[in-house]
Number of protein chains: 2
Amino acid sequence: MKAAVLYSGGKDSSLMAVILDRLGYDVELITINFGIFNSSIPAQESAKSLGFKHKVLNLDKTILTDAVDMIIRDNFPNNGINHIHHMVLEHLADEYQVIADGTRREDRIPKLKFSEIQSLEDRKGIQYLNLTGIGYKTINDTSDRLFTLQKSESNIHNSSDYEMEIRVLLKEKGYDTNEIFPQHIQSRVIGWKENE
Amino acid sequence: MKAAVLYSGGKDSSLMAVILDRLGYDVELITINFGIFNSSIPAQESAKSLGFKHKVLNLDKTILTDAVDMIIRDNFPNNGINHIHHMVLEHLADEYQVIADGTRREDRIPKLKFSEIQSLEDRKGIQYLNLTGIGYKTINDTSDRLFTLQKSESNIHNSSDYEMEIRVLLKEKGYDTNEIFPQHIQSRVIGWKENE
């Protein structure tokens with residue numbers, strides 16, 4: 001059975017893909033783009049390095065511009081990012097029967113509540129999975145064992161998170177993106193470990 | 001790295017074991033016994049049918065008798081079963097670095113809260129995993145694909161759940177166990193599907 005995994009090129013979404021693949025699903029990695037900036041290249045490269053199928057799903061720019069309006073109003077990214085994630089899953093659920101993302105136990109944003117997951121599954125007749133049963137220590141250990149990782153400060157050239165197109169749009173509007181998104185170290189998957 | 005999976009012989013704990021095995025963990029299936037009734041045989045047979053290592057961990061009978069006292073007082077099993085599960089994980093965390101169970105998204109009992117998981121991991125310096133990121137539809141589909149299942153009304157001869165020794169003790173004390181535990185269909189794993 002086909003399974004679509006929302007994919008950023010990071011270790012969380014890569015691990016979700018590996019779990020589904022090793023359980024026998026036909027995995028398709030999906031990176032979202034809103035036509036503001038082509039942020040999907042790092043994810044595409046990571047997907048290729050692992051040998052997974054990869055697609056870019058182009059969604060309506062207004063999803064992103066609405067999110068950026070929320071972020072400017074809140075001076076805080078959480079509601080905007082959650083808005084994008086919900087809209088993305090709604091679209092994905094129209095095209096795939098099994099959809100997944102790499103949100104893990106400690107993640108707060110983006111994250112679906114239990115009731116939101118049930119609503120999504122029931123309304124769309126689909127199945128949704130994530131990594132909520134697994135904590136960051138286990139995800140770090142496992143991905144260090146499975147993947148070759150490249151760690152660097154996240155920027156628009158090494159990540160395909162929603163954050164990247166948000167940053168571009170905020171900058172265009174004259175906002176200081178480093179104030180809204182603190183710099184953080186990004187672990188990008190660039191291949192399997194030799195023995196995998 | 002070694003990982004201990006609390007194991008009943010059912011599809012949830014079997015799936016947890018398969019995921020960890022396919023991510024490269026050295027999986028040991030653990031079935032708990034409190035010395036009231038040897039309920040571990042179905043789990044032992046299921047573990048053997050999948051080719052996993054299996055151990056019976058004998059714990060202090062008072063954990064079970066305390067739980068049964070709670071169940072009689074409440075006339076409802078939830079608090080008693082949660083008590084057992086918490087005590088079991090505390091013991092397991094003293095012996096293993098990575099511990100897991102098959103609780104899934106919809107499960108309410110037994111289930112650890114987010115704060116209880118963090119406390120367990122921090123106090124014991126261990127990692128805990130479960131299937132909270134996966135719903136019953138996906139677990140059913142996947143286990144139907146992976147495992148040969150035997151479905152029948154659950155009884156003390158075909159399940160190694162905590163419930164079985166609780167039933168024996170309640171019966172000894174003269175209680176009607178069918179009133180406290182409604183009959184339900186039990187899916188026991190009895191082997192791999194041919195192509196797995």
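Residues numbered from 1 in each chain as written. Chains lettered and ligands numbered in written order. Predicted model: local features only at pLDDT ≥ 70, side-chain atom pairs only at ≥ 80, totals over all residues. Heavy atoms only, no water.

Chemist: If you had to explain the interface of chain B and chain A to someone new, which residues and values would you point to?
Modeler: Opposite the 29 residues of chain B that make contact, chain A presents 29 residues. Taken together, both faces of the contact between chain B and chain A bury some 2600 Å²; the carbon and sulfur share is 50%. For the pair chain B and chain A, the interface holds four salt bridges. Note that A:Glu121 is salt-bridged to B:Arg105, the shortest N-O span being 2.7 Å. Here chain B is connected to chain A by 15 residue pairs in polar contact (both at pLDDT 80 or more). For the side of chain B that touches chain A, the secondary-structure elements that each account for two or more residues are α1 (11-22), α5 (114-124), β5 (127-131) and α6 (136-146) of chain B. No other element matches α6(B), which puts six residues into the side of chain B that touches chain A. Of the residues belonging to the side of chain B that touches chain A, the class tally is 13 nonpolar, seven polar and nine charged. (Contact = heavy atoms within 4.5 Å. Buried area = accessible area lost by both parts, 1.4 Å probe. Salt bridge = Lys/Arg side-chain N within 4 Å of Asp/Glu carboxyl O. Polar contact = N/O pair within 3.5 Å; in protein donor to acceptor, adjacent residues only side chain to side chain. Helix = DSSP H or I, 4+ residues; strand = E, 2+ residues; numbered from the N terminus. Nonpolar A, V, L, I, M, F, W, Y, C, P; charged D, E, K, R; others polar.)

Chemist: Describe the sheet that holds strand β2 (residues 26-33) of chain B, listing the residues and the values that go with them.
Modeler: Residues and elements named next belong to chain B. Taken together, the five strands give an open sheet; going across it, the order is β3-β2-β1-β4-β5, and neighbouring strands pair in parallel fashion. Each edge of the open sheet carries a strand with a single partner, namely β3 (53-58) and β5. Along the sheet, successive strands turn relative to each other by an average axial angle of 30°, direction set aside. Pairing of strand β1 (residues 2-6) with strand β4 (residues 98-104) involves two bridges; the strand directions are parallel. Within β4, the position partnered with Val5 by the bridge is Ala100. (Pairing = 2+ DSSP bridges. Axes fitted to C-alpha atoms, helices over the stretch in contact; angles between N-to-C directions.)

Chemist: Describe the pattern of salt bridges, and please don't skip the residues or the numbers.
Modeler: Following the criterion strictly, the structure yields 34 salt bridges over all chains and no others. The partner of A:Lys137 in a salt bridge is B:Glu121, and the shortest N-O contact between them spans 3.8 Å. Within this pair, whereas A:Lys137 is found in helix α6 (residues 136-146), its partner B:Glu121 is found in helix α5, the two belonging to separate chains. For B:Glu121, a relative accessible area of 5% gives the class buried. Notably, a salt bridge pairs B:Arg188 with B:Glu45, separated by 2.7 Å at the nearest N-O pair. (Buried < 20%, exposed > 50% of the residue type's maximum accessible area, 1.4 Å probe, protein only.)

Chemist: For the relation of the copies chain B and chain A, give the residues involved together with the corresponding values.
Modeler: In this arrangement, two copies of a chain are superimposed by a rotation about an axis accompanied by a shift along the axis. Rotating chain B by 180° and moving it 0.0 Å along the rotation axis overlays it on chain A with an RMSD of 0.0 Å. Seen this way, the second copy is the image of the first under a two-fold rotation axis. Every residue of chain B has its C-alpha some distance from the rotation axis, and the shortest such distance is that of B:Gly133, at 2.5 Å. A high fraction, 100%, of the interface residues of chain B reappear at the interface in chain A, so the copies pair face to face through one surface. (Least-squares fit on C-alpha atoms with pLDDT ≥ 70 in both.)

Chemist: How would you explain the sheet that holds strand β2 (residues 26-33) of chain A if you had to name every residue and give the values?
Modeler: Residues and elements named next belong to chain A. Strands sit in the order β3-β2-β1-β4-β5 across an open sheet of five strands; the sheet is parallel. Unpaired on one side and paired on the other, β3 (53-58) and β5 (127-131) mark the two borders of the sheet. Neighbour-to-neighbour, the strand axes of the sheet open up by a mean angle of 30°, direction not taken into account.

Chemist: Any chance you could break down the environment of B:Ala43 for me, citing the residues and the numbers?
Modeler: Residues and elements named next belong to chain B. Residue placement: Ala43 occurs in helix α2 (residues 41-50). On a C-alpha basis, the gap between Ala43 and Leu20 in space is 18 Å, while along the polypeptide they are 23 residues apart. Excluding anything up to four places from it in sequence, Ala43 contacts Tyr7, Ser8, Gly9, Thr31, His54 and Ser160.

Chemist: A description of the packing of aromatic side chains should follow, citing residues and the corresponding values.
Modeler: The full count for this structure, using the stated rule, is two aromatic pairs over all chains. Note on A:Phe147 and A:Trp192: the rings are 5.7 Å apart at their centroids and 45° apart in plane angle, and the pair reads as tilted. Residue A:Phe147 is located in strand β6 (residues 147-153), and its partner A:Trp192 is located in strand β7 (residues 185-192); the two are separated by 45 residues in the primary sequence. Among the residues examined, A:Trp192 registers a relative accessible area of 26% and is labelled partly exposed. The side chain of A:Arg108 reaches across the aromatic face of B:Phe114, ending 4.8 Å from its centre. (Phe/Tyr/Trp six-rings, centres within 6.5 Å; stacked < 30°, edge-to-face > 60°. Lys NZ or Arg CZ within 6 Å of the ring centre and 35° of its normal.)

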